[in-house]
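Structure at a glance
If you want the building blocks of each chain, they are given just below.
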Amino acid sequence: PDPSVYAKFELKDQANTSLLAWTTTPWTLPANAALAVSETADYVYVSLSETEEIIILAKKKLNELELRKTDYKILKQVKGKDLVGVKYVPLYKLPEAVSEPEKDAVHRVYADASVSLEDGTGILHVAPRYGETDLNLGQREGLPLIESVDENGLMTDLVPDIQGQFFKKADDNIIADLTKRNRIF
């Protein structure tokens, strides 16, 4: 079975504010290169009552988080196109082999027609090496093909604590690591 998680990608220029992306492939999170949104969809900045943390997701997907109305407050609403170009803090360090042009393109929000509001949060986690949609966006935007899994299906040194683990067995350890660092919702 594939575990699903909501990962928080903290904005570089707004402390305590994160883009919320859903994935069923936690093993690809170390290879994250970008996030994608729907240009025309409505997105909301939501302040969580308990922590005062702010999360951003598609307005249509807010009810999927199963929060009571008293658990949050909508601070503002924007279109997806307003999020394009926003930079965020990476979950893991980039490999040294990433080129300067790729470093400029990586860890920011892009618009993509493939973003669906049917599942998840309306924000797509993009790991260009691991998925056709991701690869297409990565090639279009000049993103690096970050390798978190080697040709034997074992995790690379992007996350030293799980290096050498079979990629599907690494899911739980990646989730635990990100949870410890408050990067899982």
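Scroll up to find the structure.
Per chain, residues are indexed from 1 in the order of the written sequence. pLDDT decides what is reported in this predicted model: residues at 70 or higher carry local features, side-chain atom pairs at 80 or more are listed and counted, and totals for whole chains, interfaces and linings draw on all residues regardless. Computation of side-chain values: all heavy atoms of the structure, hydrogens and water removed.

Re the sheet that holds strand 3 (residues 34–37)
For clarity, the cut-off: By this definition, two strands are paired if DSSP reports at least two bridges between them. Helix and strand assignments follow DSSP, with helices taken as H or I runs no shorter than four residues and strands as E runs no shorter than two, numbered in order from the N terminus. Axes here refer to lines fitted to C-alpha atoms; in helices the fit is confined to the stretch in contact. Angles between the N-to-C directions go from 0 to 180 degrees.
Spatially, 7-3-8 is the arrangement adopted by the three strands of the open sheet, whose pairing is mixed. In the strand order of this sheet, the two ends are held by strand 7 (109–111) and strand 8 (123–126), each with one partner. Looking at each pair of strands side by side, their axes are set apart by 35° on average, direction ignored. With three bridges joining them, strand 3 and strand 7 adopt parallel strand pairing. Its bridge partner lying in strand 7, Ala-36 is registered against Tyr-110.

A few points about the pattern of salt bridges
For the record, the criterion: Salt bridge, as applied in this entry: a Lys or Arg side-chain nitrogen positioned within 4 Å of an Asp or Glu carboxyl oxygen. Using a 1.4 Å probe on the protein chains alone, a residue whose accessible area is under 20% of its type maximum counts as buried, one over 50% counts as exposed, and one in between counts as partly exposed.
With the rule as written, the count across this model stands at 11 salt bridges. A salt bridge links Asp-112 to Arg-140, with the shortest nitrogen-to-oxygen separation between them at 2.9 Å. Of this pair, Asp-112 sits in the loop between strand 7 and strand 8 while Arg-140 is found in helix 2 (residues 132–141), placing the two residues 28 residues apart along the sequence. According to the relative accessible area criterion, Asp-112 is buried, its value standing at 12%. Each of Asp-112, Arg-140 and Glu-141 takes part in a single network of salt bridges with overlapping partners.

A short note on the packing of aromatic side chains
We apply this condition: Here the aromatic set is Phe, Tyr and Trp, taking the six-membered ring for Trp, and pairing holds for ring centres within 6.5 Å; pairs whose planes are under 30 degrees apart are stacked, those over 60 apart are edge-to-face, and all others are tilted. Whether a charge sits over a ring depends on NZ of Lys or CZ of Arg being within 6 Å of the ring centre and within 35 degrees of the ring normal.
According to the stated counting rule, one finds five aromatic pairs in the structure shown. Above the face of the Tyr-45 ring, Lys-76 is positioned so that its terminal group lies 4.5 Å from the ring centre. The positively charged end of Arg-181 is found above the aromatic ring belonging to Tyr-92, 5.0 Å away from the centroid.

Some remarks on helix 3 (residues 167–180)
Selection rule: By definition here, a helix of n residues has an expected span of 1.5 Å times n minus one. Note on definitions: a residue-residue contact is assigned when non-hydrogen atoms from the two residues lie within 4.5 Å.
Between its first and last C-alpha, helix 3 extends 20 Å over 14 residues, near the 20 Å set by a 1.5 Å rise per residue. Taken as a whole, helix 3 has its buried residues at Phe-167, Ala-170, Asp-171, Ile-174, Ile-175, Asp-177 and Leu-178. Structurally, helix 3 contributes buried residues whose contacts are with strand 1 (5–10). Among the residues trailing helix 3, Asn-182 stands out with phi positive, at a value near 60°.

Focus on unusual backbone geometry
Located in the positive-phi region is Glu-66, a residue other than glycine, with phi close to 55°. Backbone geometry places Asn-182, a non-glycine residue, at a positive phi of 60°. Residue position: Asn-182 is located in the segment after helix 3.

Observations regarding the pairing of strand 3
Every second residue of strand 3 is oriented toward a common face, with Ala-34 and Ala-36 on one face and Leu-35 and Val-37 on the other, all of them buried. The pairing of strand 3 with strand 8 spans four bridges and is classified as antiparallel. Within strand 8, the position partnered with Val-37 by the bridge is Ile-123.

Things to note about the nonpolar core
Test applied: For our purposes a nonpolar core is just a set of buried Ala, Val, Leu, Ile, Met, Phe, Trp, Tyr and Cys residues, chained together by side-chain atoms within 4.5 Å.
Counting residues in each nonpolar core, the largest one holds 48 residues, and the members touching the most others are Phe-9, Leu-19, Leu-35, Tyr-43, Leu-83, Met-155 and Ile-174. Those elements giving two or more residues to this core turn out to be strand 1, strand 2 (17–23), strand 3, strand 4 (42–48), strand 5 (54–58), strand 7, strand 8 and helix 3. Top element by residues in this core is helix 3. It accounts for five residues. Leu-19 has contacts with Ala-7, Lys-8, Phe-9, Leu-11, Leu-35, Ile-56, Tyr-88, Val-109 and Ile-123, leaving out every residue within four places of it along the chain. With 10 residues, the next largest nonpolar core counts Tyr-6, Val-46, Leu-57 and Tyr-72 among its residues.

These figures capture arrangement, not role.
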